Amino acid sequence: MSIRLRGTPASPGVSIGPAFLLNVEEIRVQKRTLRTASEVKCELERFAEAIEKTRGQLEQISEHLSDVIEGKQLIEVHILLLSDPFIITEVRKQIKDDLVCAEYAVSKVLYDVLERFNAIEDPYLRSRSVDVRDVGRRVMANLLGTEKQALSSLKSPVILVSEDLDPSQTAGLSRKQLLGIATDLGGSTSHTAILARSMGIPAVVALKNVAENAVPGQVVIIDGIHGEVILDPDEDELQYYSELKKRYNTAEAEIALNADSPAVTADGKAVELSANIEFSQEADQVGRFGGHGIGLFRTEFIRLISPEAEEEEMHFRAYRHVLQTLNPDPVIIRTLDLGGDKFLDFIPTVERNPFLGWRGIRICLDRPEKFISQLRALLRAARFGNARIMLPMITGYDQIVQVRDMLDDISANLDREGIPRGDIPPLGIMIETPAAVLGIDLLLPHSAFVSIGSNDLTQYTLAVDRGSPYVSNLFDSFHPAVIRQINIVVSKCREAGKWVGICGQMASDPLAIPLLLGYGVNELSVPMTLIPDVKEMISVISMKDAGSLAEKALILKSSGEIRRSVLDYVESKYPEIILDEIHRDEIYRGS
Ligand code: PEP
Ligand code: MG
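Residues numbered from 1 in each chain as written. Chains lettered and ligands numbered in written order. Predicted model: local features only at pLDDT ≥ 70, side-chain atom pairs only at ≥ 80, totals over all residues. Heavy atoms only, no water.

Q: Would you take a moment to explain the sheet that holds strand 1 (residues 3-6) for this structure?
A: For sheets, the rule is that strands pair by backbone hydrogen bonds, running either parallel or antiparallel. Spatial strand order, 1-8-7-3-4-5-6-2: eight strands in an open sheet with mixed pairing. Each edge of the sheet is formed by a strand with only one pairing partner; in this case those strands are strand 1 and strand 2 (8-11). Here the strands of the sheet are splayed against their neighbours by 30 degrees on average, with no regard to which way each runs. Bridge count for strand 3 (residues 14-22) against strand 7 (residues 219-223) is five bridges, and the pairing is antiparallel. In the strand pairing of strand 7, P18 is matched with V219. Helix 9 (residues 191-199) contacts strand 2, strand 5 (178-183) and strand 6 (203-205) of the sheet and is inclined by roughly 50 degrees relative to strand 2. (Pairing = 2+ DSSP bridges. Helix = DSSP H or I, 4+ residues; strand = E, 2+ residues; numbered from the N terminus. Axes fitted to C-alpha atoms, helices over the stretch in contact; angles between N-to-C directions. Contact = heavy atoms within 4.5 Å.)

So this is what it looks like as structure tokens:
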């Protein structure tokens, strides 16, 4: 019988295909029986090597954690666990006596140990099973090679099913191999969801138990419009969703025909509509989708998919390509925003609250050597087009001043080294924290422009982790506290004569667009694949109506009331399939 699960729609579209279980398969490894003494010897060696490799990786992380005491202690516990004589002896015994391969032996011992932990009464000790699981995962990964390798050798495309997906895993995947993504964790603005949208792959996140229920190879339907996933569908479901997929693709194709038309409201106001991109190659497609420049280039992914060596060169080539391709249109390059849900080896993933921790500009200023490579690359590439630099996670003007000083020093160094560079580009900031909103008058004198990061602004205003499925019902950019802050930012920018855009997910939300235009943003920057939809939406709105809706939203009492008020206006104007139905559910919750 089919299983129907409901989650959060993360990337629109419908896909049907076989399940590939990522990060879950380690628990379900194939049992390979050993036949000869040399096979046993080889498996014992593989096990010993995997332990050593894991130890090396953990020690490397620990070295970088000198300033994060708690994180360092945790990693040291993990290193100790690696030498646990019980685990080591048990795994070796299974290989020698039961004649099973190393990965099977590890998974079996791990399973037994975790069972024992689950039976412990003391809640603190029981919770330490997380550490055993974590170390076990690392050893398994070193034994099996990465699942990315398994994915890249697939003959036909799959639907990726996983408990969670690290953006660095998603970033390395080829879109040819992916039909869709379904995960237990994550929210619609988590970076895995953002990547799925940029790749145009239907995705549903926050499903809570899809990984547990899915079976490798079974047929899965992803309905990224309404946020549903169906495992092992019956004939009727298959027919219904094949039909829905056709209807959605037809509506999208019709809208895409208008890609060349300008983004203009029904009463003739031109709106700057630009693209959010994550990979430099996406720049080649921006024109095809009808975008005007780049409003947000998330540069973290360049580093997530490439080795640390040659960092400056990798960044330089990526920026040069995007700038040359889009010249003379503006390209807003956001400096590294690692941390939160995007990790590299040198960032402690063991922080209690990574979104409140070492993230974005904080890491850049604390670890200037990495940041300097990026800024050098930026200045070198700036002569190839219309570049702007944007800083994430700003909370105080001193952060902007520090970066400006660094840019001055770096440009002087490049000149001394005889390396060609462009002029220092305009330096702008993202408004992503209530601190930046309330202190905007202190930031604007130091900023050439601003762009509202509504994903983080919502997260930090409502104290709701954007990646947690347990509070995803509270993550709501239509909350009066968020809407009012957007109004404050836009009016302060207009007063100061500063350009203001918005590049969070809200900018492509059919119900948010009238409000954002009504407050007076200069630009909407949206995932490239959604540009045609957003252009269509802009074309049916009049600025006069948008102004009244925006004003009214400032006195409404809840997100439900705000949504309802906009829905009444737009319902007759957009194609129903594009105005995704999730809004209807949200309208009736919390009013
Ligand atoms: C945002 O926070 O709204 C934003 C655009 O940045 P990111 O989603 O990369 O955090
Ligand atoms: Mg952000």
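Q: Sorry, what's going on with unusual backbone geometry here?
A: The step from N327 to P328 runs through a cis peptide bond, and the omega angle for that step is 10 degrees. As for its position among the elements, P328 is in the loop between helix 14 (311-326) and strand 11 (330-334). A positive phi is found at L99, a non-glycine position, where the angle reads about 55 degrees. Along the chain, the position of L99 falls in the loop between helix 3 (85-98) and helix 4 (102-118). Relative accessible area serves as the criterion here: at 32%, L99 is assigned to the partly exposed category. (Buried < 20%, exposed > 50% of the residue type's maximum accessible area, 1.4 Å probe, protein only.)

Q: Is there a simple way to explain the coordination of the magnesium ion (ligand 2) in this structure?
A: Coordination sphere of the magnesium ion (ligand 2), protein contribution only: E432 (OE) and D456 (OD), at 2.0 Å. Here the residue E432 occupies a position in the loop between strand 13 (427-431) and helix 18 (434-438), and D456 occupies one in helix 20 (residues 454-462), the gap between them amounting to 24 residues. For the pair E432 and D456, a shared accessibility class is recorded, and that class is buried. (Donors = N, O, S within 2.8 Å, 3.2 Å for Na, K, Ca; no water.)

Q: Looking at this model, I keep getting lost on the sheet that holds strand 12 (residues 386-391). Mind explaining?
A: Judged by pairing direction, the barrel is parallel, and its eight strands sit side by side in the order 9-10-11-12-13-14-15-16 before closing back on the first. Each neighbouring strand pair of the sheet contributes to a mean axis angle of 30 degrees, computed without reference to strand direction. Examined bridge by bridge, strand 10 (residues 294-298) and strand 11 share three bridges and lie parallel to one another. Each residue of the ladder has a partner; that of F297, found in strand 11, is I333. Those strands touched by helix 23 (residues 531-540) are strand 9 (272-277) and strand 16 (523-527), and its axis lies near 155 degrees from that of strand 9.

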